[in-house]
Amino acid sequence: MGHKITKSKDGFKVPSDPIIPFIEGDGTGPDIWKAAVKVMNAAVEKAYSGSREIEWKEIYAGEKAYKKTGQWLPKETEEAFREYLVGIKGPLTTPIGGGYKSLNVALRQKLNLYVCLRPVKYYEGVPSPVKKPQLIDAVIFRENTEDVYAGLEVKEGSDEARRLMKFLKDNFGWDIREDSGIGIKPISKSASERLIRAAIEYAIKYNRKSVTLVHKGNIQKFTEGAFLKWGYELAKREFGDRTATLKEAAEGKAENRIIIKDTIADIFLQQILTRSAEFDVVATTNLNGDYISDALAAQIGGMGIAPGANINFETGHAIFEATHGTAPKYAGKNVVNPGSLILSGEMMLEYIGWKEAAGMIDKSLTKTIAQHYVTYDFARLMHNATKVSTFEFAEKMIANMQIYE
């Protein structure tokens, strides 16, 4: 019987048989989960010669949960993620109809998973729409709890919209067209600082070169502009001996320090195409992060190979996830790319300190793609590719793990 992962002020305590809850997901979720769990189990077994083993605990959300319980996100699922600290999930369907929010967003908010962590790294041989995808090696820290994702909206023509417009007109002199829906975009100092703090701590821990604050502060001065201001202030106040600005770097005062810099969001989206090597760790607000992480993923082969995690670095709670959708037309066909969930599993193993198993997954995936064994999404774009199924890709990865024992 497995044991729980726990966290204290001294860090994680991970037993040799941790209980890790999982949601296999909707649509293609079961296919990619079966492949991913096989790869993760093999990596753990090979890396530690059988002395460590994950005890997987299935929990439910999405369509499978609704069929079993009549609920899209049962309370028991939230409680399991809370109790066991670390979990992993496949893609989930957002139920259609009024009153339902994204299940992914709901989990992030309920567990206060304030960092959406998205590493973006190119694997040699993966088809890419850009000329030099190998220059991309960035880690996105996207704020996960506020901005427009707070869901503070009123519908056009509703009593709430009319009352809000009247309040804004009477108290602020703001004229808003009567046929408008209205949303509120909160950006708080506390949420911004904890996100940026996590990004800087990550950059220090992994010897990264810079942290770029991406914002739209030239237009939204008291939300995105404040995010930028608070970021520089925090870096100076809490990490003054380990960080430096571009100005300080130009003055020769940045030796062995993380450079803190910034760029406007639309300029960033240009420069990741023209100067992609200049970006390392990126910290940004929620909506910007949504655009940025998907745009970068497209450059390294698409969402099929883009891992992700939602983390509260203060409590230790983390949910690792496939970043793509459910692709229901491919469900049960054993054809889709399991790379996103496999690499999210690698991130999870790294997070709990099982670095040897994580490294084995990274190396075997690199080797498998280099051998031109890929699923249909890559095979149609690669020269001399051997198209394999979802499960066959997992088996090829496991075979390649033998090289790195």
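All of these numbers come straight from a predicted model, not from anything done at the bench.

S.K.: Can you break down unusual backbone geometry residue by residue, with the values?
M.R.: Despite not being glycine, Asn112 has its phi angle at roughly 55°, a positive value. Note on placement: Asn112 falls in the loop between helix H4 (103-110) and strand S6 (115-121). Relative accessible area serves as the criterion here: at 31%, Asn112 is assigned to the partly exposed category.

S.K.: Tell me what's going on with the pairing of strand S4 (residues 55-58), and back it up with residues and numbers.
M.R.: Bridge analysis of strand S3 (residues 19-23) against S4 gives four bridges, and the strand direction is parallel. Its bridge partner being in S4, Pro21 is matched across the sheet by Lys57. Handedness of the β-α-β unit built from S3, helix H1 (residues 29-48) and S4 comes out right-handed.

S.K.: An account of the environment of Ile342 is requested, with residue identities and associated values reported.
M.R.: In this structure, Ile342 sits in helix H11 (residues 339-351). Distance from Ile342 to Lys38, taken between C-alpha atoms, is 9.4 Å for residues 304 residues apart in sequence.

S.K.: Explain the sheet that holds strand S5 (residues 86-89) to me, and be specific about the residues and the numbers.
M.R.: Backbone-to-backbone hydrogen bonds pair the strands of a sheet. The strands run either parallel or antiparallel. On the basis of which strands lie adjacent, the open sheet formed by eleven strands has the order S4-S3-S5-S15-S14-S6-S7-S13-S10-S12-S11 and mixed pairing. The open sheet is flanked by S4 and strand S11 (243-245), the only strands paired with a single partner. This sheet shows a mean twist of 25° between the axes of neighbouring strands, independent of strand direction. By the bridge criterion, four bridges tie strand S7 (residues 137-143) to strand S13 (residues 281-284) in an arrangement that is parallel. For Val139, the partnering residue across the bridge sits in S13 and is Val281.

S.K.: How would you summarise the nonpolar core if you had to cite specific residues and measurements?
M.R.: Core analysis: the biggest nonpolar cluster contains 93 residues, and Trp56, Phe141, Val211 and Phe320 have the highest contact counts within it. Considering each element in turn, this core owes the most residues, eleven residues, to H1. The residues touching Phe320, leaving out its near neighbours within four places in the chain, are Val86, Gly87, Ile88, Lys89, Gly308, Ala309, Ile311, Ser344, Met347, Met348 and Tyr351. By size, the runner-up hydrophobic cluster in this structure holds 16 residues, among which are Ala61, Ala80, Phe81 and Leu92.

S.K.: Before we move on, can you summarise the pattern of salt bridges with the specific residues and values?
M.R.: For the structure on display, the rule yields 27 salt bridges. Asp362 is paired through a salt bridge with Lys121; the nearest N and O atoms lie 3.0 Å apart. Linking Asp362 in helix H12 (residues 355-370) with Lys121 in strand S6, this pair joins segments that are 241 residues apart in sequence. On the accessibility criterion, Asp362 (15% relative accessible area) is buried. Close ionic contact of Asp175 with Lys169 constitutes a salt bridge, the shortest N to O distance being 2.8 Å. Each member of the salt-bridge network shares a partner with another, and the members are Lys75, Glu78, Arg82 and Lys110.

S.K.: Give me the lowdown on the packing of H11 against H12, citing residues and values where you can.
M.R.: Two quantities define a packed helix pair, namely the angle between the helix axes and the distance between the axes. Running from amino to carboxyl end, H11 crosses H12 at an angle of 155°, the nearest separation of the two axes being 7 Å. Taken together, the axes of H11 and H12 are roughly antiparallel relative to one another. As for how H11 packs across H12, the hand of that crossing is left-handed. Residues Ile342, Leu343, Glu346, Leu349 and Glu350 of H11 touch H12, and the partners they reach there are Lys355, Ala357, Ala358, Ile361, Asp362 and Leu365. Class assignment of the residues belonging to the contact of H11 with H12 gives a composition of seven nonpolar, no polar and four charged.

S.K.: How would you summarise the packing of H12 against helix H14 (residues 390-401) if you had to cite specific residues and measurements?
M.R.: Here H12 crosses H14 at 115°, and the two axes come no closer than 8 Å. Viewed along their axes, H12 and H14 adopt a mutual orientation that is roughly perpendicular. The crossing of H12 and H14 is right-handed. Counting all contacts with H12, which are made through Met360, Ile361, Ser364, Leu365, Lys367, Thr368 and Ile369, the residues of H14 involved are Phe393, Lys396, Met397, Asn400 and Met401.

S.K.: So what about the environment of Ser51? Which residues, and what values?
M.R.: Along the chain, Ser51 falls in the loop between H1 and S4. Distance from Ser51 to Asp17, taken between C-alpha atoms, is 8.8 Å for residues 34 residues apart in sequence. A distance of 2.7 Å separates the side chain of Ser51 from the backbone oxygen of Tyr48, its partner in a polar contact.

S.K.: So what about the packing of aromatic side chains? Which residues, and what values?
M.R.: The way to describe two aromatic rings as a pair is by their centre distance and the angle between their planes. Scanning all chains against the criterion turns up 15 aromatic pairs. With 6.3 Å between their ring centres and 85° between their planes, Phe22 and Trp56 make a pair best called edge-to-face. Of the two residues, Phe22 is situated in strand S3 and Trp56 in strand S4; the sequence distance between them amounts to 34 residues. Of the two residues examined, Phe22 and Trp56, each falls in the buried class. Between the aromatic rings of Tyr202 and Tyr206, the centroid separation amounts to 4.6 Å while the plane-to-plane angle is 40°, which identifies the pairing as tilted. Feature note: the residues Phe12, Phe141, Tyr202, Tyr206, Phe313, Phe320 and Tyr351 constitute an aromatic cluster, connected by ring pairs. Over the face of the ring belonging to Tyr149 we find Arg142, whose NZ or CZ atom lies 5.0 Å from the ring centre. Looking at Lys261, its charged tip hangs above the ring of Phe279, at a distance of 5.6 Å from the centre.

Criteria and cut-off values
Residues numbered from 1 in each chain as written. Predicted model: local features only at pLDDT ≥ 70, side-chain atom pairs only at ≥ 80, totals over all residues. Heavy atoms only, no water. Helix = DSSP H or I, 4+ residues; strand = E, 2+ residues; numbered from the N terminus. Buried < 20%, exposed > 50% of the residue type's maximum accessible area, 1.4 Å probe, protein only. Pairing = 2+ DSSP bridges. Right-handed = clockwise from strand over helix to strand, strands pointing away. Axes fitted to C-alpha atoms, helices over the stretch in contact; angles between N-to-C directions. Core = buried A, V, L, I, M, F, W, Y, C linked by side-chain atoms within 4.5 Å. Contact = heavy atoms within 4.5 Å. Salt bridge = Lys/Arg side-chain N within 4 Å of Asp/Glu carboxyl O. Parallel < 35°, antiparallel > 145°, perpendicular 65-115°, else oblique. Left-handed = near helix turned anticlockwise from the far one by under 90°. Nonpolar A, V, L, I, M, F, W, Y, C, P; charged D, E, K, R; others polar. Polar contact = N/O pair within 3.5 Å; in protein donor to acceptor, adjacent residues only side chain to side chain. Phe/Tyr/Trp six-rings, centres within 6.5 Å; stacked < 30°, edge-to-face > 60°. Lys NZ or Arg CZ within 6 Å of the ring centre and 35° of its normal.

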